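One-letter residues, chain by chain:
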Amino acid sequence: MDYRHIQFCVQDGIAPNGCPHEIDLYQLQDLFQVTAFWAQNRRPEDWQIALANSKPIVTAWDGDRLIGFARATSDGIYRATIWDVVIHPNYQGIGLGRKLVETVLMHPHVNRVERVYLMTTNQQQFYERIGFEVNSTTTMVLFNQPVCQTGLPTTIEVSQ
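Since the model is a prediction, treat every value here as computed from it, not as a measurement. (Residues numbered from 1 in each chain as written. Predicted model: local features only at pLDDT ≥ 70, side-chain atom pairs only at ≥ 80, totals over all residues. Heavy atoms only, no water.)

Trainee: So what about the sheet that holds strand S2 (residues 57-62)? Which residues, and what values?
Mentor: Spatially, the five strands line up as an open sheet ordered S1-S2-S3-S4-S5, and their pairing is mixed. At either end of the open sheet lies a strand with only one pairing partner, and these are strand S1 (7-11) and strand S5 (115-118). Taking the axes of each pair of neighbouring strands and ignoring which way they run, one obtains an average angle of 20° across the sheet. Here six bridges tie S2 to strand S3 (residues 65-74), and the two strands are oriented antiparallel to one another. The partner of valine 58 across the bridge, within S3, is alanine 70. The strands touched by helix H3 (residues 96-106) within the sheet are S1, S2, S3, strand S4 (79-87) and S5, with S4 carrying the most contacts at an inclination of about 155°. (Pairing = 2+ DSSP bridges. Helix = DSSP H or I, 4+ residues; strand = E, 2+ residues; numbered from the N terminus. Axes fitted to C-alpha atoms, helices over the stretch in contact; angles between N-to-C directions. Contact = heavy atoms within 4.5 Å.)

Take a look at the structure:
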């Protein structure tokens, strides 16, 4: 099958930025339900927050159907992290995932940083072919729990 009609869009946050496709949060949620065991319970309203704080966001489209997604966060100079790389199972194995990741890496907010991190559970070999290396020196994680903001002071006094 010919996949040359697949369109990629690069966005800075949730706004389409000239991309003919706006990310439908329910379509995004459906894509992750099909492709990502690690993201089964994400809600559209949470996706909206994640997208608003991501730059770039790269999507792949077959017509009006969202078939691929990747996003990054970065300080623009020292560190960036690539998150949530998925391709619909019907489109895997033809190079679209590689193009998603390479497009994120080429974005000006990512391409100059010293180190680009990526979290993956089962796809190490895929990312190694792109140039990523296993890094056992930064394996710490904090499973943070949201703190209730009710009743917290809005200002803090600092004594000298």
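Picking up where we left off.
Trainee: Please set out the pairing of S2 residue by residue, giving values where relevant.
Mentor: Counting buried residues along S2, five of its six residues qualify, which places the element largely inside the surrounding structure. Alignment of S1 against S2, held across five bridges, turns out to be antiparallel. Paired with cysteine 9 across the bridge in S2 is threonine 59. Hairpin connection from S2 to S3: two residues lie between these consecutive antiparallel strands, with glycine 63 at a positive phi of about 70°. (Buried < 20%, exposed > 50% of the residue type's maximum accessible area, 1.4 Å probe, protein only.)

Trainee: Talk me through the packing of aromatic side chains; I want residue IDs and the actual numbers.
Mentor: Using the criterion set out here, one finds six aromatic pairs in the structure. Their ring planes at 80° and their centres at 5.6 Å tell us that tryptophan 47 and phenylalanine 69 sit as a pair that is edge-to-face. Within this pair, whereas tryptophan 47 is found in helix H2 (residues 44-52), its partner phenylalanine 69 is found in strand S3, the two being separated by 22 residues in sequence. Given the relative accessible area of 0%, phenylalanine 69 is considered buried. (Phe/Tyr/Trp six-rings, centres within 6.5 Å; stacked < 30°, edge-to-face > 60°.)

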